Amino acid sequence: MQDRQAIRNVAIVAHVDHGKTTLVDALLRTSGMIRKNQDVMERVMDSGDLERERGITILSKNTAVHYNGTKINIIDTPGHADFGGEVERVLKMCDGVILVVDAFEGPMPQTKFVLRKAIELSLPAILCINKADRPDARIAEVREEIYDLFLSIDAPLSYLDSPVVFASAKNGWAVDEATWQKAQDNQEEAVGEDMRPLLEGIVKTIPAPSGEEKAPFKLLISTADYNDYVGRIGIGKVEQGVVHVNDEAVITNYNAPDKQMKIRVTTIFEFDGLKRVPVTESGVGSIVAVSGVEGIEVGDTLCSPEEVTPLPFVKISEPTLQMTFSVNDSPFAGRSGQFVTSRHLRARLEKELHTDVSLRMHPGDSTDTFFVSGRGELHLSVLIEKMRREGYEFMVSKPEVLYRQDAAGDRLEPMEEATVDVDQEYSGAVIQALGQRKGELQEMKTSPSGYTRLVFRIPARGLIGYRQQLMTDTRGTGVLNNEFAGY
């Protein structure tokens, strides 16, 4: 069992495409977890086919590297708003975050979202300005923008002193602030050798996990995995005490006070590089995977029978979009897939619920239909594509937003904050298009380099199907990001 002073738990958070997963690759190489000559694919943490093709992370992944006798548990998180629920939960396992910001794009809507979550949990941050070797990098401006962001979301002043590291994850190097400044003063280009400055920063800045070692053990499950051989796998952090294989435990849940199930812990795995290694015991601060436990869910606490009180956990955000999945009854039924019955469809959707906690499913009006609701278009389209590739054949309806009733009986609809980055010449077309979709322009900023950032408040239904139109209106140069802004 590892001494907890030699453990660091850190999450890598950022907006889409700012280089989180590539950064993990570079850290694995520097720490020797991937050998220099070992042939591994790029973005090794994105294990799913769809993640690799689309270049996005859908589920958070865990890995661990060793540096100078310290074990650093790293969690790679998704950047898209549709998978934002995943980020909220995994931050419960961490003692600090690495905030990655693109050296050209600067802080984006999702940067603000993840940063706010980290500040709510008082997690210290390391700022990593990635892609620092881009020819169009605007590092000094981006740094100011990050500090403006801290001030705009009322971050404690200590965050303004967070250490800054400049990196190029793709080329596998990072440099600290002193080296960067020295290169700037001598008008040279700063290039590092490897990711050591960032690993040093993690060991110095991120505190070791806290928690009572002598207390009865508690393990908070923050994320889940599923395997056909062992069933549900719960992944979480040991918050107090020491858990051993064959210990008796009770499953409880903060948001479901009635839940109490007696179980026995049969297997414990710790993360090491890209592998899960079986261990006989694990102590405070370790991130572990527990398998062979029926009925384990995200948000559950595994407690020692001596002290059965669940640990608090964030409530999982509700879905805002719904689609109807039904059995294909067209004349061409059965031609493109091998799983075509409602029994197949139900079993596959139920299996998806094991790992995707933001998804909801309930039976429709007839035995052949199911209502499936998720966080957004991307969330549901990824599920549909995954099922199609596995050989399922089914029909889907067009997406509809989920309305709510308030106490006075009024109907409320989900609203989004949409941020569009476009070249100045196309901003008129975007304002006109989103205006027709009931969007209200809240803010408009033009940067010296000639691109404009527009922020709208818009009903979620107004954004359905808009991405395609945006590509046409802006000749493929517009970037749309949206974040749920309440009902």
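To keep things clear, this report deals only with the structure shown in the data block. Since the structure is predicted, the reported quantities are computational estimates derived from the model, not experimental observations.

Quick look at the environment of phenylalanine 113
Logical step 1: Take phenylalanine 113: it is sitting in helix H4 (residues 109–120).
Logical step 2: For phenylalanine 113, a relative accessible area of 12% corresponds to the buried category.
Logical step 3: Once the C-alpha coordinates of phenylalanine 113 and alanine 14 are considered, the two residues, 99 residues apart in sequence, prove to be 9.2 Å apart.

Points about the packing of aromatic side chains
Logical step 1: A complete count under the given rule lists four aromatic pairs for this structure.
Logical step 2: Ring geometry for phenylalanine 150 and tyrosine 159: centres 5.9 Å apart, planes at 45°, overall tilted.
Logical step 3: For tyrosine 159, a relative accessible area of 6% translates into the label buried.
Logical step 4: Between phenylalanine 325 and phenylalanine 394, the ring centres sit 5.2 Å apart and the planes meet at 10°, which makes this aromatic pair stacked. Of this pair, phenylalanine 325 sits in strand E18 (residues 321–327) while phenylalanine 394 sits in strand E21 (residues 394–396), placing them 69 residues apart in sequence.

Considering helix H7 (residues 196–205)
Logical step 1: Where H7 is concerned, the buried positions are Leu198, Leu199, Gly201 and Ile202. The arc enclosing the buried residues of H7, seen along the axis, measures out at 155°, which places them on a common side.

Brief notes about the sheet that holds strand E25 (residues 415–423)
Logical step 1: What the four strands build is an open sheet, ordered E26-E27-E25-E28; its pairing is antiparallel. Lying at the two open borders of the sheet, with one neighbouring strand each, are strand E26 (440–446) and strand E28 (479–484). Sheet twist, expressed as the average angle between the axes of neighbouring strands with direction ignored, equals 15°.
Logical step 2: Bridge count between E25 and strand E27 (residues 451–459): nine bridges; the pairing is antiparallel. Of the residues in E27, the one forming a bridge with threonine 419 is valine 455.

Description of the pairing of E25
Logical step 1: Most of E25 is tucked away: seven of the nine residues are buried.
Logical step 2: Pairing of E25 with E28, which is carried by six bridges, proceeds in the antiparallel orientation. In the sheet register, glutamate 416 faces E28, and the bridge partner there is phenylalanine 484.

Here's the deal with the sheet that holds strand E11 (residues 248–253)
Logical step 1: An order of E12-E11-E17-E8-E9-E16-E13-E14 is seen for the eight strands of this open sheet, with the pairing classed as antiparallel. The strands lining the two open edges of the sheet, one partner per strand, are strand E12 (261–264) and strand E14 (275–279). On average, each strand axis in the sheet is inclined to that of its neighbour by 40°, with strand direction left out of account.
Logical step 2: Relative to strand E17 (residues 300–303), strand E8 (residues 218–227) runs antiparallel, the two being bridged by three bridges. Following the sheet pairing, leucine 220 is matched in E17 by threonine 301.
Logical step 3: Those strands touched by helix H8 (residues 342–355) are E8 and strand E9 (231–240), and its axis lies near 145° from that of E8.

Quick look at the side chain of asparagine 73
Logical step 1: Among the structural elements, asparagine 73 can be located in strand E3 (residues 70–76).
Logical step 2: For asparagine 73, a relative accessible area of 3% translates into the label buried.
Logical step 3: At a separation of 2.8 Å, a polar atom in the side chain of asparagine 73 contacts the side chain of asparagine 9.
Logical step 4: Ignoring sequence-local partners within four residues, the contact set of asparagine 73 consists of Ile7, Arg8, Asn9, Val10, Thr63, Ala64, Gly285 and Ile287.

What counts, and at which threshold
Residues numbered from 1 in each chain as written. Predicted model: local features only at pLDDT ≥ 70, side-chain atom pairs only at ≥ 80, totals over all residues. Heavy atoms only, no water. Helix = DSSP H or I, 4+ residues; strand = E, 2+ residues; numbered from the N terminus. Buried < 20%, exposed > 50% of the residue type's maximum accessible area, 1.4 Å probe, protein only. Phe/Tyr/Trp six-rings, centres within 6.5 Å; stacked < 30°, edge-to-face > 60°. Arc of directions from axis to C-beta. Pairing = 2+ DSSP bridges. Axes fitted to C-alpha atoms, helices over the stretch in contact; angles between N-to-C directions. Contact = heavy atoms within 4.5 Å. Polar contact = N/O pair within 3.5 Å; in protein donor to acceptor, adjacent residues only side chain to side chain.

By themselves, these figures tell us nothing about what the structure is for.
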